[in-house]
Amino acid sequence: MNLSQELLASMYRKMMKIRKFEQRVSELFAQGMVPGFVHLYIGEEATAVGVCENLKDTDYITSTHRGHGHLIAKGGELKYMMAELFGRKTGYCKGKGGSMHIADAKIGILGANGIVGAGLPISVGSGLSARMRGTDQVTVCFFGDGASNQGTFHEAMNMASIWRLPVIFVCENNLYGISMRQDRHQAIADISDRAQAYGFPGITVDGNDVLAVYEVAHEAVKRAREGAGPTLIECKTYRWRGHFEGDPTTYRAKEELEEWMAKDPIPRFARYLEENGYASRKELEEIERSVESEVQQAIDFAEKSDLPDEADAVTDVYSDLVEEGRAR
Amino acid sequence: MRIMTYAEALREAMRNELKKDPRVFIMGEDVGRFGGCFGVTGNLVEEFGEDRVRDTPISEEAIAGAAIGAAATGMRPVAEIMFIDFVTVAMDQLVNQAAKMRYMFGGNISLPMVVRLPEGGGIQAAAQHSQCLEAWLTHVPGIKVVYPSEPKDALGLLISSIRDDNPVAFIEHKMLYSVKGEVPDENEPIPLGLAEVKRPGKNATVIATGYMVAKALKAADQLAKEGIEIEVVDPRTLFPLDKDTIYGSIKKTHKAVIVTEEAKRGGWGGELAAQIAEEIFDYLDAQIVRIGALNTPIPFAKNLEDYVIPSEVDIINQVKSIL
Ligand SMILES: Cc1ncc(C[n+]2csc(CCOP(=O)(O)OP(=O)(O)O)c2C)c(N)n1
Ligand SMILES: [Mg+2]
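For the structure given in this document, a descriptive report is provided here. (Residues numbered from 1 in each chain as written. Chains lettered and ligands numbered in written order. Predicted model: local features only at pLDDT ≥ 70, side-chain atom pairs only at ≥ 80, totals over all residues. Heavy atoms only, no water.)

## Observations concerning the overall build of chain A
Link 1 in the chain: What chain A contains, in helices and strands, is twelve helices and seven strands.
Link 2 in the chain: Taken over C-alpha atoms, the radius of gyration comes to 20 Å for chain A, in line with the 20 Å a tight globule of 328 residues would show.
Link 3 in the chain: On the principal axes, the C-alpha backbone points of chain A span a range of 60 × 50 × 40 Å.
Link 4 in the chain: Put simply, of all contacts in chain A between residues at least 6 apart along the chain, 73% involve residues at least 24 apart.
Link 5 in the chain: Carbon and sulfur atoms make up 51% of the accessible area of chain A, which totals about 13,200 Å².
Link 6 in the chain: Looking at charge distribution, chain A has the averaged site of its 38 positive side-chain charges lying 1 Å from that of its 49 negative ones. (Helix = DSSP H or I, 4+ residues; strand = E, 2+ residues; numbered from the N terminus. Rg over C-alpha atoms; globule rule 2.2 N^0.38 Å. Contact = heavy atoms within 4.5 Å. Areas by Shrake-Rupley, 256 points an atom, 1.4 Å probe, with all protein chains shown as cover. Lys, Arg positive; Asp, Glu negative; His and termini not counted. Charge placed at Lys NZ, Arg CZ, Asp CG, Glu CD.)

This is the structure:
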């Protein structure tokens, strides 16, 4: 595939953004600045970026509990993300959502989701809506290997198939659902095989190769926009951190992690860019530095932001009603 | 006496029953090697093996359904749903199947099964990991609902639940897992349907469940400094309900305050209030007071979460409001 220098640089920048953002979040979690459940995307950057670079702002995605990477790849702004993780008023969800629910509806994000497998049927609905409204919008549905064992996965795949909906199912197979290795939670090696049962294409791709992901997603998005129906893309990848921050990861071998860390998608892409003359070492370092300072600015923004007001707790439950508060 | 955490007490109950009865087994997400998301099953897999402490895929509906099928055919499953919030995914199996099979079949089938359900806020886990959904379950005839508030009750009630021949929804509160308490040396069952007075008092009866019992006891300490003695009653099982103990206390104090962490609208606390009003209205000297979470999803930010969930201060203020 012939990709413009601009697009390649954008991909690199976004992968770097995810990495740096997540690394800082990990530190901030350890320092107690970011509370709650935090599931990091480190190691899986190529998947979100390779897919989302094919999308327009008007396209939709459904995301997961491990959603920071999806949001950044779709064009989310770090400062509003960080403020949300800090539980501040200025965050994407006014501090009401936190890491697991961080979303920017303006760029088509139908939620990060705390319920495993819940995004799948929602993606069917947004695909159906695009069809009924006569737009060319597509929906990308991100979910994990673990989620592929929920009933919702099967119901959604079938419905999207019979209605030939513009949905791209992207399974991030990072080998584990919490402590359950894929070979313990299902009897197949390639989740993409399941597409066959529903009568549409399923493709497995190296999820740590951003260009390979981009290419496969490109074809799937094209099919979807042309009305040819859904595709299931399985991206084989690996999470470097525990399932959530604080997980001691006693269920996996150190060697396995090391093996996957050696397949780090970021230096791998950097090498490609350098070797093919798309970017110099210096330019890449430049990107890294500017991303680092952007992340720092996001942290500063979050720290300076106000906490939500108690009165905010009772708004947004309904569009037209405010719930009762309490006197204390 | 032994000192145990609430989580250890639950594990001890499961260990006790796994040892005693070969029909008992555990299943759920990450309950094996990982030891459970909150560490409750711990090392049981090492002691009893992967057959009897069984990791499942992420498939709540199949977990609940498999428990039913196993229970109907001679086993005594103890299923864990990692957070009560995910019971929504398993609801058909619990509501339309587990709760109704015995009745629909004219009493010809028994379902000795337990579904363990951690609930509650307090750890900034936000809207989909902090709910208190006991009312969803108490509303369904055919399910017993148990909710211990301290280690000794966790131990005794879980033993009874596992030995019970009916589907039991066993609710646990996440904030209690690390709480320590005295537990009898023998692993004895505590019968379902027996409340306990956690602190005697004469000025008002505070009926509290789960983590709210601890908050009510703290409120009681504060109130005592002002000469107000509240009686804290923990029903321990939400159904069957020990009306004798609860009503007995209200008949003595003539005041009833109900404290639950659920969203107040449609909560189990409302059902209790209605029963008190219907059955012993004449004994009341003041209106029944219900304290619950605000009718919102649980927000992420700490200050909002604290505001939405009932606190000791709310209990103190509300008790005073009817004295
Ligand atoms: C319905 C439901 N069941 C269980 C959980 C608890 N849980 C959160 S993430 C997770 C594992 C998900 O695995 P996978 O889909 O592979 O995504 P990954 O975390 O690997 O990105 C589980 C079991 C949940 N949030 N929702
Ligand atoms: Mg996974």
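## Notes on the coordination of the magnesium ion (ligand 2)
Residue and element names in this part refer to chain A.
Link 1 in the chain: Binding of the magnesium ion (ligand 2) to the protein goes through D145 (OD), N174 (OD1) and Y176 (O), at separations of 2.0 Å.
Link 2 in the chain: We note that the donor set of the magnesium ion (ligand 2) lies within a single chain, spaced as D-x28-N-x1-Y. Within this pair, whereas D145 is found in the loop between β2 (139–144) and α6 (151–162), its partner N174 is found in the loop between β3 (167–173) and β4 (176–177), the two being separated by 29 residues in sequence. We note that D145, like N174, is buried. (Donors = N, O, S within 2.8 Å, 3.2 Å for Na, K, Ca; no water. Buried < 20%, exposed > 50% of the residue type's maximum accessible area, 1.4 Å probe, protein only.)

## A look at the sheet that holds strand β1 (residues 60–62) of chain A
Residue and element names in this part refer to chain A.
Link 1 in the chain: Taking strand neighbours across the sheet as the criterion, the five strands line up as β1-β2-β3-β7-β6 in an open arrangement whose pairing is parallel. Because the sheet does not close on itself, it has two edges, and the strands there are β1 and β6 (202–206). Recorded for the sheet is a direction-independent mean angle of 20° between the axes of neighbouring strands.
Link 2 in the chain: In terms of strand pairing, β2 meets β3 through six bridges, oriented parallel. Bridge assignment links V140 to a residue of β3, and that residue is I168. (Pairing = 2+ DSSP bridges. Axes fitted to C-alpha atoms, helices over the stretch in contact; angles between N-to-C directions.)

## Examining the packing of aromatic side chains
Link 1 in the chain: As enumerated under the stated definition, the model contains 17 aromatic pairs over all chains in all.
Link 2 in the chain: An angle of 25° between the planes, with centres 5.8 Å apart, marks the rings of A:Y272 and A:Y278 as stacked.
Link 3 in the chain: When its relative accessible area of 28% is taken as the criterion, A:Y272 is described as partly exposed.
Link 4 in the chain: The structure contains a cluster of three or more aromatic residues connected by ring pairs, namely A:F37, A:F244, B:Y6, B:F38, B:F83, B:F86 and B:Y177. (Phe/Tyr/Trp six-rings, centres within 6.5 Å; stacked < 30°, edge-to-face > 60°.)

## Comments concerning the pattern of salt bridges
Link 1 in the chain: Per the counting criterion, the structure on display carries 53 salt bridges over all chains.
Link 2 in the chain: Of the charged contacts, one joins A:E256 and A:R181 as a salt bridge, the two residues approaching to 2.6 Å between their closest N and O atoms. Highlighted residues: A:E256 in helix α10 (residues 254–261) and A:R181 in strand β5 (residues 180–181), separated in sequence by 75 residues.
Link 3 in the chain: When salt bridges that share partners are traced, they join B:E150, B:K152, B:D153, B:E196, B:K198 and B:R236 into one network. (Salt bridge = Lys/Arg side-chain N within 4 Å of Asp/Glu carboxyl O.)

## Points about the sheet that holds strand β11 (residues 230–234) of chain B
All names here are of chain B.
Link 1 in the chain: Pairing is mixed across the open sheet formed by five strands, whose spatial order is β9-β11-β10-β13-β14. Among the strands making up the open sheet, the edge pair consists of β9 (196–199) and β14 (289–293). With direction set aside, neighbouring strand axes in the sheet form an average angle of 25°.
Link 2 in the chain: Here four bridges tie strand β13 (residues 256–263) to β14, and the two strands are oriented parallel to one another. Counterpart to V259 in the pairing with β14 is I291.

## Some words on the interface of chain B and chain A
Link 1 in the chain: If you look at the interface, chain B gives 44 residues, while chain A gives 44 residues.
Link 2 in the chain: For the pair chain B and chain A, the two sides together bury roughly 3,400 Å², of which 60% comes from carbon and sulfur.
Link 3 in the chain: Remark: the boundary between chain B and chain A carries four salt bridges.
Link 4 in the chain: The salt bridge partner of B:D55 is A:R184, with a shortest N-O separation of 2.9 Å.
Link 5 in the chain: Inspection of the chain B/chain A interface yields 17 residue pairs in polar contact (both at pLDDT 80 or more).
Link 6 in the chain: No other element matches helix α11 (residues 302–308) of chain B, which puts five residues into the side of chain B that touches chain A.
Link 7 in the chain: When the residues that make up the side of chain B that touches chain A are grouped by side-chain class, the tally is 25 nonpolar, eleven polar and eight charged. (Buried area = accessible area lost by both parts, 1.4 Å probe. Polar contact = N/O pair within 3.5 Å; in protein donor to acceptor, adjacent residues only side chain to side chain. Nonpolar A, V, L, I, M, F, W, Y, C, P; charged D, E, K, R; others polar.)

## Let's talk about the site of ligand 1
Link 1 in the chain: The local shell around ligand 1 holds 21 residues, among which A:H65, A:G114, A:D145, A:G146 and B:E60 are the closest.
Link 2 in the chain: Of the chains in the model, those with residues near ligand 1 are chains A and B.
Link 3 in the chain: A distance of 2.7 Å separates a nitrogen atom of ligand 1 from a polar atom in the backbone of A:G114.
Link 4 in the chain: If ligand 1 stood free it would expose 580 Å²; the protein chains cover 98% of that surface. (Near = heavy atom within 4 Å.)

## What about the side chain of A:T47?
Residue and element names in this part refer to chain A.
Link 1 in the chain: Positionally, T47 belongs in helix α2 (residues 45–52).
Link 2 in the chain: Look at T47 and you get buried, because its relative accessible area is 0%.
Link 3 in the chain: Not counting residues within four places of it along the chain, the set of residues in contact with T47 comprises Y41, V170, E172, G207, V213, C235 and T237.

## Brief notes about the pairing of strand β10 (residues 204–208) of chain B
Along any regular strand the residues' side chains alternate between the sheet's two faces.
Residue and element names in this part refer to chain B.
Link 1 in the chain: Of all the five residues making up β10, five are buried; the element is thus mostly covered by neighbouring parts of the structure.
Link 2 in the chain: Of the two faces of β10, the one holding A204, V206 and A208 and the one holding T205 and I207 are both buried throughout.
Link 3 in the chain: Pairing of β10 with β11 involves four bridges; the strand directions are parallel. Residue T205 lies in a different strand from β11, and its bridge partner there is E231.
Link 4 in the chain: Strand direction decides the pairing type here: β10 and β13, joined by four bridges, are parallel. If you follow I207 over to β13, its bridge partner there is I258.

So yeah, pure geometry; function would need other evidence.
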